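# Understanding the architecture of this molecule
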Amino acid sequence: MSWGTELWDQFDNLEKHTQWGIDVLEKYIKFVKERTEIELSYAKQLRNLSKKYQPKKNSKEEEEYRYTSTRAFLATLNEMNDYAGQHEVISENMTSLITGELTRYVQELKQERKSHFHDGRKAQQHIETCWKQLEASKRRFERDCKEADRAQQYFEKMDADINVTKADVEKARQQAQLRHQMAEDSKAEYSSTLQKFNSEQHDHYYTHIPNIFQKIQEMEERRIVRIGESMKTFAEVDRQVIPIIGKCLDEITKAAESIDHKNDSQLVIEAFKSGFEPPGDIDFEDFTQPMKRTVSESSLSNSRGDGKSEPKFGGKSKGKLWPFIKKNKIIETLLGTKLSLKLITLNTQVWSLIEGAGPEDFSNLPPEQRRKKLQQKVDELNKDIQKEMDQRDALTKMKDVYIKNPQMGDAASVDHRLAELGQNIEKLRLEVQKFEGWLAEVEGRLPLRTDQARRQSGLYEAQNTAAVNSCAQDRESSPDGSYTEEQSQETEMKVPATDFDDEFDDEEPLPTIGTCKALYTFEGQNEGTISVAEGEMLYVIEEDKGDGWTRIRRNEDEEGYVPTSYVEVYLDKNAKDVYKSLQKISE
């Protein structure tokens, strides 16, 4: 089966067919190129998607990734990034192994096709020239034969005519012989040209054209084989990354299987556990008996009728420490003196900043949270000590080098820095000892501090004192419960009654410290809470103290607590200056 023998007369059709083959190849190249662009775009979108949901550094989201479910999600994001990389590999391999190679091959194919069809046209032109020569020789032979016949007839006519002279007859005879000779020469030339043409035609149709068409056939077959190989490569490029993609999917499955709901639940306990015990039962107060208010084992009250307050401290009795104690009373207790209500109201603008700063020993926090904060502080200080020690060791080695090789530097130049590092390490160690002492106290390894030390520890004890002295009548219930602190039943402290509490009966509203936007609808059904609608803008009068509740105000008559996670808070930056002024007054 050869195009040279079977398609010897289909030169034009073969030219069209081979051009169509090149067009098909170019179409396939364009298809692969668009596939590589799709792979690149898909990989880019996957990377952007993974980056979009990655936790931001130094943000609250990083803390959320201690849970197994969020860690599994982070692993999924990382694997999706690797998954995107495999699609980039597909694009790169298809570009180099298919698009680039076929583009070069198409250029070579066009040049080869042009050369073959140029040879075919040249052979056709040659055979056409031979045919024209044969036709010319044939017409010349035919013409000479006719002229020889006419000359012969004219001679015979002249020879038969008795009136014609002998000279005219001789002339006619010579002319006839000349024409016969010319006819013979034309015949010989025609015969030679015919033989030559037949030979050329035989070579053309049985040698030249078959060879040219055979080359064209081989060229076309190579094109077909090449496009088939490219299609195999197209599939193989995908097949090569399937194991890696499968590994990525296996890692995602492994991450999903590593999710431990029990562990996550335990982490929630560790993150939010206060360490306090739930409040006990409130004793019944019989008002038919002589009016004498008592402090029950688990309640917090204050007697105003008899002008005396009888709080109990120390020991094992439990006094209520409400999360929602009025801040004006606590501030006045912190100051240790009776301030005007107007000044206290101004300073409440920075209450959230006061609680955010808190005492150094974190005594304003519940026991469990305090222990975690102290442990975290100890770990941070130990890391700082290690850094300082590493720097000191490096400088010591540098000093030794300078001593051995004075030309490299002055050994005395690092003494000042070494002294500074030694002082820093000593300070940090003292800090570690201080925080470890507080940590040991919380964990019960050291005896509790004296009452005076407890009063100096900060806001947590101040809240307890204020609650006992002034908030029995104005006790507010927490939306999510309250907690208690152990107190003594053995020692009682009687405080003379004053008009201290009466000043807060009609206290001015707390000033706003910022605004907030409700992210979700909240139905405030418990006492002390307030209902909000999604998207509603409100005023913030108390920041979240760590109990998960923020105090807000809608207008002068409507205020209460909402879950902090239900609102987006925008605090006033100028509240910090007011807080500093409050510190100066307390000193």
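Given the structure is predicted, the values throughout are model-derived calculations rather than measurements. (Residues numbered from 1 in each chain as written. Predicted model: local features only at pLDDT ≥ 70, side-chain atom pairs only at ≥ 80, totals over all residues. Heavy atoms only, no water.)

### Section: the overall build of the protein
The secondary structure content of the protein amounts to 14 helices and eleven strands. Burial analysis of the protein (587 residues in total) assigns 35% to the buried set. In the protein, once contacts between residues fewer than 6 apart in sequence are set aside, the share between residues at least 24 apart is 74%. Of the accessible surface of the protein, which amounts to about 36,000 Å², a share of 51% is contributed by carbon and sulfur atoms. (Helix = DSSP H or I, 4+ residues; strand = E, 2+ residues; numbered from the N terminus. Buried < 20%, exposed > 50% of the residue type's maximum accessible area, 1.4 Å probe, protein only. Contact = heavy atoms within 4.5 Å. Areas by Shrake-Rupley, 256 points an atom, 1.4 Å probe, with all protein chains shown as cover.)

### Description of the pattern of salt bridges
If you walk through the whole model with that rule in mind, you get 24 salt bridges. Note that Glu 88 and Arg 47 form a salt bridge whose closest N and O atoms lie 2.9 Å from each other. Taken together, the residues span a long stretch of sequence, with Glu 88 in helix α4 (residues 68-160) and Arg 47 in helix α2 (residues 11-52) at a distance of 41 residues. Judged by relative accessible area, which is 22%, Glu 88 ranks as partly exposed. With a relative accessible area of 29%, Arg 47 lands in the partly exposed category. Connected through shared salt-bridge partners, Glu 542, Arg 551, Arg 553 and Glu 559 make up one network. (Salt bridge = Lys/Arg side-chain N within 4 Å of Asp/Glu carboxyl O.)

### Examining the environment of Ile 98
Tracing the backbone through its elements, the reader meets Ile 98 in helix α4. Here the alpha-carbon distance between Ile 98 and Val 32, two residues 66 residues apart in the chain, equals 7.5 Å. Excluding anything up to four places from it in sequence, Ile 98 contacts Tyr 28, Val 32, Asn 93, Ser 230, Thr 233 and Phe 234.

### With respect to the confidence of the model for the protein
Residues of the protein with pLDDT of at least 70 account for 74%, and the chain-wide mean is 76. Within the model, the stretch residues 291-356 combines pLDDT values under 50 with 225 contacts to residues more than four positions away or in other chains. Predicted confidence is poor over residues 445-507, with pLDDT under 50, and the contacts of this stretch with residues over four places away or in other chains come to 182 contacts. (pLDDT = per-residue confidence, 0-100.)

### Describing the packing of α2 against helix α5 (residues 166-257)
Between α2 and α5, whose axes approach to 11 Å, the crossing angle comes to 15°. As summarised for this structure, α2 and α5 are arranged roughly parallel, according to the angle between their axes. Handedness of the crossing formed by α2 with α5: left-handed. The class makeup of the residues in the contact of α2 with α5 is 15 nonpolar, four polar and four charged. (Axes fitted to C-alpha atoms, helices over the stretch in contact; angles between N-to-C directions. Parallel < 35°, antiparallel > 145°, perpendicular 65-115°, else oblique. Left-handed = near helix turned anticlockwise from the far one by under 90°. Nonpolar A, V, L, I, M, F, W, Y, C, P; charged D, E, K, R; others polar.)

### Overview of the nonpolar core
Core analysis: the biggest nonpolar cluster contains 31 residues, and Leu 25, Tyr 28, Met 94, Ile 98, Phe 213 and Ile 216 have the highest contact counts within it. Breaking this core down by element, the ones donating at least two residues are α2, α4 and α5. With eleven residues, the top contributor of residues to this core is α4. Contacts of Phe 213, omitting those with residues within four sequence positions, involve Trp 3, Gly 4, Leu 7, Trp 8, Phe 11 and Leu 14. With 13 residues, the next largest nonpolar core counts Ile 513, Cys 516, Ile 530 and Ile 552 among its residues. (Core = buried A, V, L, I, M, F, W, Y, C linked by side-chain atoms within 4.5 Å.)

### Quick look at the pairing of strand β10 (residues 559-563)
With four of five residues buried, β10 lies mostly within the body of the structure. Pairing between strand β9 (residues 549-553) and β10: five bridges, direction antiparallel. When the sheet's bridge partners are listed, Thr 550 is paired in β10 with Val 562. Where β9 folds back onto β10 in an antiparallel hairpin, the turn is made up of five residues. (Pairing = 2+ DSSP bridges.)

### Side note on α4
For α4, with 93 residues, the first-to-last C-alpha span of 135 Å sits near the 138 Å given by 1.5 Å per residue. The axis of α4 is deflected most strongly, by about 35°, at Thr 95. (Expected span 1.5 Å × (residues − 1). Bend = angle between axes of the 7 residues up to and from the residue.)

### What about the packing of aromatic side chains?
Under the definition given, this model contains twelve aromatic pairs. Centre to centre, the rings of Phe 11 and Phe 213 are 6.0 Å apart; their planes meet at 25°, and the pair counts as stacked. With Phe 11 in helix α2 and Phe 213 in helix α5, this residue pair connects regions lying 202 residues apart in the sequence. Phe 213 shares its class with Phe 11; the two are buried. An angle of 50° between the planes, with centres 5.3 Å apart, marks the rings of Trp 131 and Phe 197 as tilted. Pair noted here: Trp 131 is in helix α4 and Phe 197 is in helix α5, with a separation of 66 residues, a long-range link. Ring-pair connections join several aromatic residues into one group, and the members of that group are Tyr 520, Phe 522, Trp 549 and Tyr 566. Note that Arg 226 overlies the ring of Tyr 105, its terminal NZ or CZ placed 4.7 Å from the centroid. (Phe/Tyr/Trp six-rings, centres within 6.5 Å; stacked < 30°, edge-to-face > 60°. Lys NZ or Arg CZ within 6 Å of the ring centre and 35° of its normal.)

### Regarding the sheet that holds strand β7 (residues 514-518)
Taken in spatial order, the five strands make up an open sheet running β10-β9-β8-β7-β11, and their pairing is antiparallel. Edge positions in the sheet fall to β10 and β11 (567-571), since each has one partner strand and no second. The mean inter-strand angle of the sheet, taken between neighbouring strand axes irrespective of direction, is 40°. Judged from the four bridges that link them, β7 and strand β8 (residues 537-542) form a sheet pairing that is antiparallel. Pairing of Thr 515 across the sheet is with Tyr 539, part of β8.

### Some words on a nonpolar patch on the surface
Judged by side-chain polarity, Leu 49, Tyr 53 and Phe 73 come together as a nonpolar surface patch covering roughly 290 Å² of accessible area. Tracing the chain through its elements places Phe 73 in helix α4. (Patch = residues over 30% accessible without salt bridge, like charges linked within 9 Å, V, L, I, M, F, W, Y side chains within 5 Å.)

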